Every structure is written in structure tokens, then in C-alpha cells.
Amino acid sequence: MMRRRSIAQNQDLTIEAIQEHNILHVPPQALHGRRRSSVAFSLDSNNAHNSLRRNSLRAVQFSMALRKHSVAKTELPKPKVENTYKLGPDQWGKFRQHQVENVIKNVFEVHLKDSQYDSEKSGSLACELSAEIKTRVKALEFKRYRIVVNVILGQNKEQGVEVSSRCLWDANTDNFTSYSYHNSSIFATGMVYGVYFE
């Protein structure tokens, strides 16, 4: 009895100790593989309250030991693709400005051909145009490129407007393109940045 009590008080209780001293009657299949959600205990003394307390302590210790055992045997999933250690795109995979410029031009001509400037709707229209341009540029499948799209809309009243941007990037891999469109009522400038993700 003294030996059982010292094992029950030990925090580093192992599965082997549980099996050796028969603290709990657990089927062998529960000790390997997945943990069961509950364990049934039998009351082995007349004092039910003390027996339940002992069994609940044993259940916690058994659960801790089982968790340690299952974590030790768990293997991490193997990666599906190994690293390529590529620092730049292939020659055919670079950001192609002329294709992206054609995408911007087509989107602007389809959506802005007969449209009139409306200050209340211009913000949402700019968001819709940039989302469609981004979707079409991603369809060109520039591998490992992050695409950033910026669309500026305004009312055409023969005023002068300058749009500029600055970026910090690698000139060998990263690039951008822009296209400007205007009709009698509205002007639009679209800029697409392709930044290579190493």
C-alpha cells in the first residue's frame, strides 16, 4: 500500500509505472494511438468519497502520462515541397510590363467608356477597378510575385494632375507599369507593382 501511495503522488508518472502497479485497469489499445475521451473507474472500497478522490487524482496523472507519451511519438508532417533557394525569377517568369499594361487598358476601357464622374461613387469604383485589375494580373501567373494595385480617379476639368510614387526594391526582379485613361468627364490612372517574393 505504501508503494502505491508514493507512485500516486509522483508527478512524473509514466505509462509503464501505471501498467506495472495496476493503478488503473485500461485496455492496451487505449495506451497506444489516440487517447480516449473518458476512463471508467470501479469503486474498490466502502468509502465512496475517498475512493472517488483517489481515482480522480489517478485519472489526472494517467492523462498527463498519456499526453506525454502521445506527444513524444507524434511526428511532424513532412513538407510537400522542398525549398528551391531561388533568389530571383526564371527569365520567362519575370514581371512583363506590356502584358500588365494591356490588362489595365482593357479594364479601364470596359468600365469607364461612357461613365460620368460622380464624387459619391468614385471611391467604390476605384476599389472595384483595382480588385479586377489585380485578379486579371494574378491570372497571368507571375510565380512568387506579390501584386500591388493602385487606381486614382478624378473629374476631368482640363486641370493638371501629377501622380508619383517611390518604392524600395530590387531593380533586377521587381518592376511596375502604369496606364492613364480619360474621357470627357473622368480621368483614371492605374499603377501595378510586381515585387518578387524570395
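Here's what I pulled together on the structure shown here. Quantities reported herein were computed from a predicted structural model and do not represent experimental measurements. (Residues numbered from 1 in each chain as written. Predicted model: local features only at pLDDT ≥ 70, side-chain atom pairs only at ≥ 80, totals over all residues. Heavy atoms only, no water.)

1. Here's the deal with the packing of aromatic side chains
Item 1. Applying the stated rule across the entire model yields eight aromatic pairs.
Item 2. Consider the rings of Phe108 and Tyr179, whose centres lie 6.4 Å apart with planes at 40 degrees: the pair is tilted. Here Phe108 is found in helix H5 (residues 97-112), whereas its partner Tyr179 is found in strand S2 (residues 175-182), with 71 residues between them in sequence.
Item 3. What makes Phe108 buried here is its relative accessible area of 0%.
Item 4. In this structure Tyr179 comes out as buried when scored by relative accessible area, which is 16%.
Item 5. Aromatic side chains Phe176 and Tyr193 sit 5.9 Å apart centroid to centroid with 25 degrees between the ring planes, which places their arrangement in the stacked category. Placement of Phe176 in strand S2 and of Tyr193 in strand S3 (residues 186-196) is noted, with a sequence separation of 17 residues between them. (Phe/Tyr/Trp six-rings, centres within 6.5 Å; stacked < 30°, edge-to-face > 60°. Helix = DSSP H or I, 4+ residues; strand = E, 2+ residues; numbered from the N terminus. Buried < 20%, exposed > 50% of the residue type's maximum accessible area, 1.4 Å probe, protein only.)

2. Observations concerning the environment of His111
Item 1. Along the chain, His111 falls in helix H5.
Item 2. For His111, a relative accessible area of 35% corresponds to the partly exposed category.
Item 3. In the structure, His111 is positioned 18 residues away from Leu129 in sequence and 8.0 Å away in space, judged by C-alpha atoms.
Item 4. There is a polar contact of 2.6 Å between the side chain of His111 and the side chain of Glu132. (Polar contact = N/O pair within 3.5 Å; in protein donor to acceptor, adjacent residues only side chain to side chain.)

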